[in-house]
Amino acid sequence: MPTSQSVRSGKSVPESRLSKDHKEPIPVNPNLDTHYSTRRMSEDVAPFPLDPNPSFVSQTKRASSTPTLSRHRRTLTPDLGELGPEDQAALEAEITARRAARRASRRIQHKYDDDDDDRVMIGTRVGEGHRNYQLMYDMLTGIRIAVGRVSAKIRRDLSDDDFKAAHKLVFDVTGNELTPGVKYDFKFKDYAPWVFRYLREQFHIDPADYMMSLTNKYILSELGSPGKSGSFFYYSRDYRFIIKTIHHTEHKFMRKILKDYYQHVCENPHTLLCRFYGLHRIKLPHGSKIHFVVMGNVLPSNKDVHETYDLKGSTYGRITTDEDINKNPHAVLKDLNWVNRKKRLELGAQKKALFLEQLRTDVQLLSRLNIMDYSLLIGIHDIIRGNTENIRDSNLRFVQPHTKELERTLSRNRRGSKADIVRRAIKLSNPVQLDSSLLPETPFEERKYCIFYSEDGGFKSTDENNQPTDKVYYMGVIDILTRYSLLKRAEHALKSLTQNKDTISAIHPKMYGERFIAFIENLAVINYKKDN
């Protein structure tokens, strides 16, 4: 039987054994240096130096130096001499089997690879072709550049001018020294960047986490439909932040009250007011200006919320009908639903005092700033029911685009950026039911610094002896940018003609605050002595 030199041991072995011992040929990247390719092939075949001039080295050099072959992938095989028909067939079968096994392994790895950066966890995906895709893309691009610029600068004291500052950035396909080239032309304005940088620090938001959560891969999810105000809500991919488009009047008002809000946050680290992290504006070519804010999400990503209430302290029209509840059992309920169901926040004396004291302090600020129409958002997690009902799985949707195949395709013809790859991938993907395992298992780090979010991301219920019971509350005062304007005064006058003026929502901020606090104290929080 013919024999050949063994690459590993140098001993002569029958050629029929080579089909079993021979390793799969190693693909050569034509872009690699020839010397490096040769050295790596040697190391992959044997752990010690080989013949300095093996027959396959010259073949490697020819492959890497031939222009006509430089765009193609080459498979090189060491010269094994003449093989018989049976040995040749066995060798080819072995190589084919190993290649198939490797392809199967890659498919499995591709399926379970750590592709968290490509996942969107909440809401309906906003992919290319979606009516708001360009708006979303521009928002996130602008945030990434603006936040990155201010975060990289050395800390300094704030001045009055910082509260009025507005930095303008112009984006186009060519790019410039301040902005990269982008897919769409647009203008981006970043308001009071230094103030919001310090607000994020005050709320213990890491700038890197902030940008990664909001801007990674240019993917975001959209909350189903706009509210009465016509605003759109977008959740970040990890359910941590909310981007909300606001009216121009709300934007102007926020800039007006920003200094008071900032001072209040600094003096009240446990404030229940919604947490603002950024104020921005987008101007699309031949389009209108769109203002938006970035806020913290009151509700948790790691727990199912079994009931959600929006309480304003008014009763006129403040109910979610049975028909709406039947359509969506987890719909947001309102004041009359709370009263009719005889719900109460189960807080012992200690927690009740902390909660009401902070709420009064926050409402005093809102009344002083002429703000009304805000509400207390309450999410209730039942510890006994836990996450067993898969509420998040049934209500939340995500898209998981696979970009690696497109990345390989685009890399062959040297066209397309990472952003192009992801845009194409999400266009080809379909939103699927959320697996709650994709959401964080623990509360985000910044929550532990606020007493009302420090217990499993929220505020645990307690009994009359201040001992923990079976619920976790997630609470925050939201919609705090509505001032008592001439329009609201007119609304109050008209509704007062047909309704009790004390029950309608549009009333003077001072009266609104007093009614709001009275409702929470008397009807929202349990009084163990009275109720027992």
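How each quantity is defined
Residues numbered from 1 in each chain as written. Predicted model: local features only at pLDDT ≥ 70, side-chain atom pairs only at ≥ 80, totals over all residues. Heavy atoms only, no water. Helix = DSSP H or I, 4+ residues; strand = E, 2+ residues; numbered from the N terminus. Buried < 20%, exposed > 50% of the residue type's maximum accessible area, 1.4 Å probe, protein only. Lys, Arg positive; Asp, Glu negative; His and termini not counted. Salt bridge = Lys/Arg side-chain N within 4 Å of Asp/Glu carboxyl O. Contact = heavy atoms within 4.5 Å. 1 Å grid on protein atoms, 1.4 Å probe; cavity = no way out; pocket = protein on both sides within 12 Å on 5 of 7 lines; lining within 4 Å. Points joined across faces, edges and corners; volume = space filled by probe spheres on them. Nonpolar A, V, L, I, M, F, W, Y, C, P; charged D, E, K, R; others polar. Domains from an automatic or database assignment. Core = buried A, V, L, I, M, F, W, Y, C linked by side-chain atoms within 4.5 Å. Pairing = 2+ DSSP bridges. Axes fitted to C-alpha atoms, helices over the stretch in contact; angles between N-to-C directions. pLDDT = per-residue confidence, 0-100. Polar contact = N/O pair within 3.5 Å; in protein donor to acceptor, adjacent residues only side chain to side chain.

**Some remarks on the side chain of R281**
Along the chain, R281 falls in strand β11 (residues 276–283). For the buried R281, which has no salt bridge, the nearest side chain bearing the opposite charge is D190, at an N-O separation of 11 Å. Those residues in contact with R281 that lie beyond four places of it in its chain are K187, F188, K189, Y191, K289, I290, H291 and F292.

**So, empty space enclosed by the protein**
Under the criterion given, the structure shown has four cavities of 30 Å³ or more. In this structure, the largest cavity spans a volume of roughly 220 Å³. Lining the largest cavity we find 19 residues, and of these Y277, G296, N297, V298 and R447 sit closest to its centre. Its residues placed into classes, the lining of the largest cavity shows eleven nonpolar, four polar and four charged. Formed jointly, the lining of the largest cavity draws a minimum of three residues from each of two domains, domain 1 (119–297) and domain 2 (300–383 + 441–526). By volume, the second largest cavity amounts to about 90 Å³. Every residue along the wall of the second largest cavity is listed here: A146, R149, V150, K153, H167, L169, D190, P193 and W194. Across the lining of the second largest cavity, the residue classes break down as five nonpolar, one polar and three charged.

**Some words on the environment of Y277**
Inspection of the secondary structure puts Y277 in strand β11. Spatially, the C-alpha atom of Y277 lies 5.5 Å from that of M295, the residues being 18 residues apart in sequence. In contact with Y277, not counting residues within four places along its chain, are F196, R200, F203, I205, Y210, F241, V294, M295 and G296.

**Focus on the nonpolar core**
In this structure, F276, F355 and I520 are the most contacted members of the largest nonpolar core, which totals 103 residues. Broken down by element, this core gets its largest block of residues, eleven residues, from helix α5 (residues 133–151). A domain-level breakdown of this core finds at least three residues from each of domain 1 (119–297) and domain 2 (300–383 + 441–526). The contacts of I520, once residues within four sequence positions are left out, are L311, F355, L356, L359, L376 and V525.

**Considering the sheet that holds strand β18 (residues 468–478)**
Spatial ordering of the open sheet is given by β13-β14-β18-β17, a layout of four strands whose pairing is antiparallel. The open sheet has two edge strands, β13 (307–311) and β17 (459–462), and neither has a second partner. Direction aside, neighbouring strands of the sheet carry axes that sit 30° apart on average. Two strands pair when backbone bridges link them, and β17 and β18 are joined in this way by three bridges, in the antiparallel orientation. Within the sheet, the bridge partner assigned to T462 lies in β18 and is P468. Across the face of the sheet, helix α12 (residues 349–368) comes into contact with β14 (375–382), β17 and β18 while running at roughly 130° to β17.

**Looking at helix α17 (residues 509–524)**
Those residues of α17 not exposed but buried are P509, Y512, G513, R515, F516, I517, F519, I520 and A524. Lining the buried residues of α17 we find β13, α11 (335–340), α12 and β14.

**Focus: helix α7 (residues 193–202)**
With respect to burial, α7 is a largely interior element, eight of its ten residues being buried. Those residues of α7 lying buried are P193, W194, V195, F196, R197, Y198, L199 and R200. Positive backbone phi, at 65°, marks H204, one or two positions downstream of α7.

**Section: the confidence of the model for the protein**
Residues with a pLDDT of 70 or more make up 62% of the protein, whose mean pLDDT is 74. The low-confidence segment residues 426–437 (pLDDT under 50) makes 38 contacts with residues lying over four places distant or belonging to another chain.

**Quick notes on the environment of K471**
Relative to the helices and strands, K471 resides in strand β18. For K471, a relative accessible area of 17% corresponds to the buried category. Placed 90 residues apart in sequence, K471 and H381 show a C-alpha to C-alpha distance of 5.6 Å. The contact partners of K471, leaving out residues within four places of it in the chain, are E346, I380, H381, I383, F459, K460 and S461. In this structure the side chain of K471 is engaged in a polar contact, spanning 3.3 Å, whose partner is the side chain of D470.

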